[in-house]
Amino acid sequence: MKQPIYTGSGVALVTPMRQDFSVDYEALGRLVDFHLARKTDALVVVGTTGEAATLSPEERLGVISFCRQRTGGILPVVAGAGGNCTREAAEFSKRAEAAGADALLHVTPYYNKCTQKGIVAYYKAICEAVSVPVIAYNVPPRTGVNILPATAEELANIPNMAGIKEACGNMEQICETMRRVRGKMDVYSGDDNLNVPILAIGGAGLISVVSNIAPKECKQVYEYMAAHDLDRANELEDRLLPLIDACFTEVNPIPVKYGCNVIGLDAGLPRPPLTELEDAHKKIMDECIAKLGLKK
């Protein structure tokens, strides 16, 4: 078995923005400190929740470097580095590694919709370009490409392919993927509403959107599952599910950035073309946060 990058609750960290939509590094520092204080197990930065699609390469590298320096090596920084051009993604991966990333999260190539053979070739090229571990990110609703279980099994044979973040939404498929890769690479939950079932079948941890505003609770779900206390894990997850739903009333990260602002974390607004959360959805988020008693 390859050494896990981390086990536990990793946060898919938002990228805070100033009013002019530039990266707010002061607010980012407070976010990192917030997660350090709450014993979050990993920072997963400049991914979907971190708005990588609208950040320039230099901005993404700046966030990676800043988070690595701010954490001081206390917890791993996993950097989003995927793309739909293999050559460009490989080159950016080298730069992300040099900027201090402890591991890379690589979404499948999107829009051009490669075949399963193309998926394998893509990840082989990425893994050969860097020495740090790589996590594949399977999110077909966004990319139009699905890493099938047999393909995941093939990926697990690549030496530094350390895991797969599963956000396909299909537990039957995830169970089959787990069966095929168990003992070869880790599976991480990429859907907060599937955290308990994915952990129950042997998931190594979470890459969580909701952890931006409820890090202690998300980590507690993991710890209950690690202790085989399914009753308490389900009880807590049941309490979190309305908040999880609230975080996806609009496309991620629109709602969760608003939630961060509500609890005092100054995430700012999403960068265009994403827009501010609609008032009806703000009310839902406000109610969920109040009911859970969340605060900075």
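Higher on the page you've got the structure.
Residues numbered from 1 in each chain as written. Predicted model: local features only at pLDDT ≥ 70, side-chain atom pairs only at ≥ 80, totals over all residues. Heavy atoms only, no water.

A. Broad picture of the sheet that holds strand β2 (residues 42-45). Taken in spatial order, the eight strands close into a barrel running β1-β2-β3-β4-β5-β6-β7-β8, and their pairing is parallel. With strand direction ignored, the average angle separating the axes of adjacent strands in the sheet is 25°. Sheet topology note: the β2/strand β3 (residues 77-80) ladder contains three bridges and is parallel. Its bridge partner being in β3, Leu43 is matched across the sheet by Val77. (Pairing = 2+ DSSP bridges. Helix = DSSP H or I, 4+ residues; strand = E, 2+ residues; numbered from the N terminus. Axes fitted to C-alpha atoms, helices over the stretch in contact; angles between N-to-C directions.)

B. Region of the structure containing the packing of helix α1 (residues 25-37) against helix α2 (residues 57-71). Packing of α1 against α2 leaves a shortest axis separation of 10 Å and a crossing angle of 45°. The orientation of α1 with respect to α2, classified from their angle, is oblique. As α1 packs across α2, the resulting crossing turns out to be right-handed. On α2, the residues touching Tyr25, Leu28, Gly29, Arg30, Val32, Asp33 and Leu36 of α1 are Glu59, Gly62, Val63, Phe66, Cys67, Arg70 and Thr71. Residue composition of the contact of α1 with α2, by class: seven nonpolar, three polar and four charged. (Parallel < 35°, antiparallel > 145°, perpendicular 65-115°, else oblique. Left-handed = near helix turned anticlockwise from the far one by under 90°. Contact = heavy atoms within 4.5 Å. Nonpolar A, V, L, I, M, F, W, Y, C, P; charged D, E, K, R; others polar.)

C. Representation of the pairing of β2 within the structure. With burial as the criterion, each face of β2 is covered, one bearing Ala42 and Val44 and the other bearing Leu43 and Val45. Bridge count for strand β1 (residues 8-12) against β2 is three bridges, and the pairing is parallel. Residue Gly10 lies in a different strand from β2, and its bridge partner there is Ala42. Between the parallel pair β2 and β3, the chain is carried across by α2, and the sense of this crossover is right-handed. (Buried < 20%, exposed > 50% of the residue type's maximum accessible area, 1.4 Å probe, protein only. Right-handed = clockwise from strand over helix to strand, strands pointing away.)

D. The arrangement of helix α4 (residues 116-129) in detail. An ideal rise of 1.5 Å per residue puts 20 Å on 14 residues; α4 measures up with 20 Å between its terminal C-alpha atoms. Here α4 has its buried residues at Ile119, Val120, Tyr122, Tyr123, Ile126 and Cys127. Along the long axis of α4, the arc covered by the buried residues comes to 160°, so they all point the same way. Turned more than 90 degrees off the buried face of α4, the exposed positions are Lys117 and Glu128. Lining the buried residues of α4 we find α3 (86-98), β4 (103-107), β5 (134-138), α6 (149-155) and β6 (161-166). (Expected span 1.5 Å × (residues − 1). Arc of directions from axis to C-beta.)

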